[in-house]
Amino acid sequence: NEMMESRGLPTELRVRMRRYMHECVVAKHQTAQENLLRNTISQGLQREVARNSQRDLLKLIYWAKEFPDEAKMELVKRFHPTFFGPD
């Protein structure tokens, strides 16, 4: 806030900056959680967590609906949270 005020940024730009910074923190937090899971728990437990946490996402991937569970879990393991801010 202080930095934006000292630079005389307009209110609309300040709001966009705050939103971007908030979303960036959330994405970093998700990445840290993912790294913790990948580096500390067994493959079987990782699959179980993925199966439960990504269930809704997998339903949206029409071309993977007929995949065997093992293939779906391998697909989920390739997902990585990525954040792209507004232009």
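The coordinates are above.
Residues numbered from 1 in each chain as written. Predicted model: local features only at pLDDT ≥ 70, side-chain atom pairs only at ≥ 80, totals over all residues. Heavy atoms only, no water.

Caption draft 1: Structural context of the packing of aromatic side chains. This structure, assessed with the given rule, holds one aromatic pair. Arranged with centres 5.8 Å apart and planes meeting at 65°, the rings of Trp63 and Phe67 form a pair that is edge-to-face. (Phe/Tyr/Trp six-rings, centres within 6.5 Å; stacked < 30°, edge-to-face > 60°.)

Caption draft 2: Focus on the nonpolar core. Grouped together as the largest cluster of nonpolar side chains are seven residues: Ala50, Leu58, Ile61, Ala64, Met73, Leu75 and Val76. A per-element tally of this core places helix H5 (residues 69-77) first, with three residues. Discounting residues that sit within four places of it in the chain, Met73 has contacts with Arg47, Ala50, Arg51 and Leu58. (Core = buried A, V, L, I, M, F, W, Y, C linked by side-chain atoms within 4.5 Å. Buried < 20%, exposed > 50% of the residue type's maximum accessible area, 1.4 Å probe, protein only. Helix = DSSP H or I, 4+ residues; strand = E, 2+ residues; numbered from the N terminus. Contact = heavy atoms within 4.5 Å.)

Caption draft 3: Region of the structure containing the side chain of Glu34. Mapped onto the fold, Glu34 is located in helix H2 (residues 11-40). Among the polar contacts made by the side chain of Glu34, one reaches the side chain of Arg38 at a distance of 2.8 Å. (Polar contact = N/O pair within 3.5 Å; in protein donor to acceptor, adjacent residues only side chain to side chain.)

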